[in-house]
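Examining the three-dimensional arrangement
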Amino acid sequence: MIENNTKYLSIPQAAEQLGIGIEIVRNLINKGDIPVIRWGYRTLRIDSSKLEEVIEAKTGNQQKI
């Protein structure tokens with residue numbers, strides 16, 4: 001059996017982790033900077049490991065965008 005330890009974040013959780021506003025996270029999603037997974041019609045989730053990769057790519061290993 002394959003274990004999936006991936007943690008998925010909501011937009012507000014990702015915004016809190018990044019220390020930025022919800023609208024900024026939505027703008028980054030719309031620009032394609034943050035990849036999302038769509039669960040159903042309205043629900044978006046962000047893979048926490050992908051979010052970390054985005055942070056590292058944007059900031060050079062700093063903690064905030």
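See above for the structure.
None of these values were measured; they are calculated from a predicted model. (Residues numbered from 1 in each chain as written. Predicted model: local features only at pLDDT ≥ 70, side-chain atom pairs only at ≥ 80, totals over all residues. Heavy atoms only, no water.)

Position of Asp47 relative to the elements: it lies in strand E3 (residues 43-47). An unpaired buried charge is present at Asp47: no salt bridge exists, and Lys50, the closest side chain of opposite charge, is 5.8 Å distant. Side chain to side chain, Asp47 and Ser49 meet in a polar contact 2.7 Å long. Setting aside anything within four residues of it in sequence, one finds Asp47 in contact with Thr6, Lys7 and Tyr8. (Helix = DSSP H or I, 4+ residues; strand = E, 2+ residues; numbered from the N terminus. Buried < 20%, exposed > 50% of the residue type's maximum accessible area, 1.4 Å probe, protein only. Lys, Arg positive; Asp, Glu negative; His and termini not counted. Salt bridge = Lys/Arg side-chain N within 4 Å of Asp/Glu carboxyl O. Polar contact = N/O pair within 3.5 Å; in protein donor to acceptor, adjacent residues only side chain to side chain. Contact = heavy atoms within 4.5 Å.)

Moving on, we get to the packing of helix H1 (residues 11-18) against helix H3 (residues 48-59). Orientation of H1 relative to H3, taken along the N-to-C sense of each, is 40°, at an axis distance of 12 Å. As the angle between them shows, H1 and H3 are arranged oblique. In this structure, H1 crosses over H3, and the sense of that crossing is right-handed. Taken together, the residues of H3 that come into contact with H1 (itself represented by Ala14, Gln17 and Leu18) are Leu51, Glu52 and Ile55. In the contact of H1 with H3, the residues fall into four nonpolar, one polar and one charged. (Axes fitted to C-alpha atoms, helices over the stretch in contact; angles between N-to-C directions. Parallel < 35°, antiparallel > 145°, perpendicular 65-115°, else oblique. Left-handed = near helix turned anticlockwise from the far one by under 90°. Nonpolar A, V, L, I, M, F, W, Y, C, P; charged D, E, K, R; others polar.)

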